Amino acid sequence: MNDLKSQIIDLVVDISGDDDAAEDLDMDLFEEDILDSMAAIELLVAIKDNFGVSIAPTELERDQMNTVNKIIARVSERI
Amino acid sequence: MSFYTEPAFFVACVPIVLIAILLGVRERPMGRFGLVASCVMLGLLFFRSLPTLAFFIAYMGMSVLLFVWVRGLFAGGDPRAVTYYRIALALQIAPLAVYKIGVLFAPDFPGFLGISYITFKAAQVLIEVRDGLIEDMTVGEYVSFLAFFPPFTSGPIMRSRPFVEDLQTPLSRDAYLDRLYRGLGWFILGAVYKFVGSALAQWGLWMVPNVVNIPALAWVGQVFCYGMDLFFDFAGYSNMAMGLGLTLGVEVPRNFRAPFVAKDIKEFWDRWHISLSTWLRDFVFMRFSQFALSHKLFKSRLTTACVGFMANMVLMGAWHGITPDYLVYGVYHGVMLALCHYLQKKWSFYKKHRRDRWFVVASWTVNMVVVFFGFALFGGYVVSPLLGLGT
């Protein structure tokens, strides 16, 4: 579980190019301009490549995936 | 009868809303009534031209067949489901594409008012059936969704899953009254936008060339009034559609959210014709980017995004009409979005100062120039005169 958590934090930091994402896991990533539409899609592709979890672009509302903790929850419930 | 402009439309809405209120306060389901009301209103919309009515009915029939086919393919786990789905999606979009090309050569080419919006809605359903997000939508719900009359002619583009959820969820009296009051508020606001705001802007558009003698200044004034007219007309229409939907117990998505406060062009598209830009984002930009990233079509993610923005906006321009004005408008917004994205990612000055007040003001000012020049392109104030096509 911790492994998944740190891998997802690394993915978000890598895609956004912003270390802030790792500091507060409940921060709204879209409000804070850390993620945008393009980064969100990169994240979905990366999640599929790394964890084999496929999430369709319209499957989740933005407010279901707007913090690192929520992303971790969405991936772990699908693994 | 045309929607939201002729008095007959508003008169026809009165008994519909009254019956909806009666059902709503008695906590009765409203889905079936909504479908009947939509059939009556679309009948009134199309009855003057039998060929149009016939074309519309044929289109609905085709859409239902394609929907049932694709739903069956994925429910049965057909190994060729994805291939057939692609054929179905192409067939679903074909009438709109043929229509858009056909009207270039013959203005009375067969089509019907609202074909653009219904195509978006039908395509969304097919795509989400393929994604496994829609499994048990019934034909009745599908027809109700496509034919739902408040946003039929010009959007907002609704999504099927929230719509079906609204149909299936019984509303308590208080919950319905809450929607009713909000709906009436939006409807009145929309009417004020359209019949006061838009009328004033049109008056300005007519006045400017008469009182301003300097051509360049008159051009700027006209473009400003044109942009205002575009906003008040379309936002007014969208607000009325949203209000009417709410009185029928259905949430119609908001289409405009103060677009003129946007500080950059990306934010503008999050605020202007939101249902179209989010549709394109979800079903064109994201799908394209997903495909390009997983197949590594481009060297960098930045390039992928920029190409994605271009594809997205060129399609958006072409959807408005295959004319030089709209095509250039699409390319222009594609370039502006790509440029904005590039600067936000690569320009260290931006990263350092983006939260400074002076930078925000400067960014907003530049953005408004970009936005209004976009309106000038859209309204035929640039390309057509240059090509000598007239406006």
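Bear in mind the structure is a predicted one, so any value in this text is a computation, not a measurement. (Residues numbered from 1 in each chain as written. Chains lettered and ligands numbered in written order. Predicted model: local features only at pLDDT ≥ 70, side-chain atom pairs only at ≥ 80, totals over all residues. Heavy atoms only, no water.)

So, helix H8 (residues 173-211) of chain B
Where we set the bar: The numbering of helices and of strands both runs from the N terminus, where a helix is a DSSP run of H or I of at least 4 residues and a strand a run of E of at least 2. A helix is expected to span 1.5 Å multiplied by its residue count minus one. Two axes define the bend at a residue: one fitted to the seven residues ending there, one fitted to the seven starting there, and the bend is the angle between them.
The end-to-end C-alpha distance of H8 of chain B is 55 Å, a good match for the 57 Å that 39 residues give at a rise of 1.5 Å each. Along its length, H8 of chain B shows its largest kink, about 30 degrees, at Tyr193 of chain B.

Examining the pattern of salt bridges
Residue and element names in this part refer to chain A. Cut-off, in case you're wondering: A carboxyl oxygen of Asp or Glu within 4 Å of a side-chain nitrogen of Lys or Arg is what we treat as a salt bridge. Exposure classes here rest on a 1.4 Å probe applied to the protein chains alone. A residue is buried below 20% of its type maximum, exposed above 50%, and partly exposed in between.
Counted according to the given criterion, the structure contains 16 salt bridges over all chains. In this structure, Arg78 and Glu59 form a salt bridge, with 3.1 Å as the shortest nitrogen-oxygen distance. One end of the pair, Arg78, is in the segment after helix H4 (68-76); the other, Glu59, is in the loop between helix H3 (37-51) and H4, with 19 residues separating them in the sequence. For Arg78, a relative accessible area of 28% gives the class partly exposed.

Some thoughts on the packing of aromatic side chains
Here is the rule: Classification of ring pairs rests on two measures: the distance between centres of Phe, Tyr or Trp rings, Trp counted by its six-membered ring, which must be within 6.5 Å, and the angle between planes, read as stacked under 30 degrees, edge-to-face over 60 and tilted in between. In our convention, an over-ring charge means Lys NZ or Arg CZ found within 6 Å of a ring centre and within 35 degrees of that ring's normal.
The full count for this structure, using the stated rule, is 53 aromatic pairs over all chains. Just above the ring of Phe30 of chain A sits the side chain of Arg62 of chain A; from NZ or CZ to the centre is 4.1 Å.

Considering the domain arrangement of chain B
Residue and element names in this part refer to chain B. Put simply, the rule is: Bear in mind that the domain bounds are from an automatic or database domain assignment. Every residue pair with non-hydrogen atoms within 4.5 Å of one another is taken to be in contact. Summed over both partners, the accessible surface that disappears when two parts come together, traced with a 1.4 Å probe, is what is meant by buried area. We call Asp, Glu, Lys and Arg charged. Ala, Val, Leu, Ile, Met, Phe, Trp, Tyr, Cys and Pro are nonpolar, and the rest, Gly among them, are polar.
Taken as a whole, chain B is organised into domain 1 (31-168) and domain 2 (259-387). Of the residues lining the interface, 15 residues belong to domain 1; the matching set on domain 2 comes to 13 residues. Taking both sides of the interface into account, the surface hidden between domain 1 and domain 2 amounts to around 1200 Å²; carbon and sulfur atoms contribute 65%. When the area that domain 1 buries against domain 2 is broken down by residue, the three leading residues are Lys100, Phe120 and Arg159, summing to 43%. For the interface between domain 1 and domain 2, the tally reads 2 salt bridges. Asp282 is the partner of Arg159 in a salt bridge, and the nearest nitrogen-oxygen pair spans 3.1 Å. Looking at which element gives the most residues to the side of domain 1 that touches domain 2, the answer is helix H5 (residues 115-130), with 7 residues. Looking at the side of domain 1 that touches domain 2, its residues break down into 9 nonpolar, 2 polar and 4 charged.

Description of a nonpolar patch on the surface
Residue and element names in this part refer to chain B. The criterion, for reference: Think of a patch as exposed residues, more than 30% relative accessible area, with no salt bridge, where like charges cluster within 9 Å and nonpolar side chains (Val, Leu, Ile, Met, Phe, Trp, Tyr) cluster within 5 Å. Using a 1.4 Å probe, accessible areas were evaluated by the Shrake-Rupley method; residue-level cover was limited to the displayed protein chains.
Taken together, the side chains of Tyr181, Leu184, Ile188, Val192, Phe195, Val196, Leu200, Trp203 and Trp206 present a nonpolar region at the surface, about 990 Å² in accessible area. Structurally, Trp206 is set in helix H8. Residue Trp206 is classed as exposed on the basis of its relative accessible area, which comes to 54%.

Some points on the interface of chain A and chain B
Applicable threshold: N or O atoms closer than or at 3.5 Å make up a polar contact, with two conditions inside protein: a donor-capable atom paired with an acceptor-capable one, and, for residues adjacent in sequence, both atoms drawn from side chains.
Counting residues at the interface gives 17 residues for chain A and 23 residues for chain B. Carbon and sulfur atoms supply 56% of the area that chain A and chain B bury against each other, a total of about 1700 Å² over both sides. Ranking the residues of chain A by area buried against chain B places Met38, Pro57 and Thr58 of chain A at the top, with a combined share of 35%. The interface formed by chain A and chain B holds 1 salt bridge in total. Here Arg301 of chain B and Glu42 of chain A are joined by a salt bridge, their closest N and O atoms 2.8 Å apart. Taken together, the connections running from chain A to chain B amount to 4 residue pairs in polar contact (both at pLDDT 80 or more). At the level of elements, helix H1 (2-16) and H3 of chain A are the ones that each hand at least two residues to the side of chain A that touches chain B. Among the elements that make up the side of chain A that touches chain B, the one with the highest residue count is H3 of chain A (6 residues). Tallied by class, residues from the side of chain A that touches chain B come to 8 nonpolar, 2 polar and 7 charged.

So, the packing of helix H1 (residues 7-25) of chain B against helix H2 (residues 31-46) of chain B
Residues and elements named next belong to chain B. Our working rule: Lines fitted to the C-alpha atoms define the axes, with helices restricted to the stretch that makes contact. Angles between their N-to-C directions range from 0 to 180 degrees. The labels follow the angle: roughly parallel below 35 degrees, roughly antiparallel above 145, roughly perpendicular from 65 to 115, and oblique for the rest.
It is the contact of H1 with H2, at a shortest axis distance of 11 Å, that shows an interaxial angle of 175 degrees. The angle between the axes of H1 and H2 places the two elements in the roughly antiparallel class. Packed against H1, whose contacting residues are Phe9, Ala12, Cys13, Ile16, Ile19, Ala20 and Leu23, the element H2 presents Phe33, Ala37, Met41 and Leu44 at the interface.

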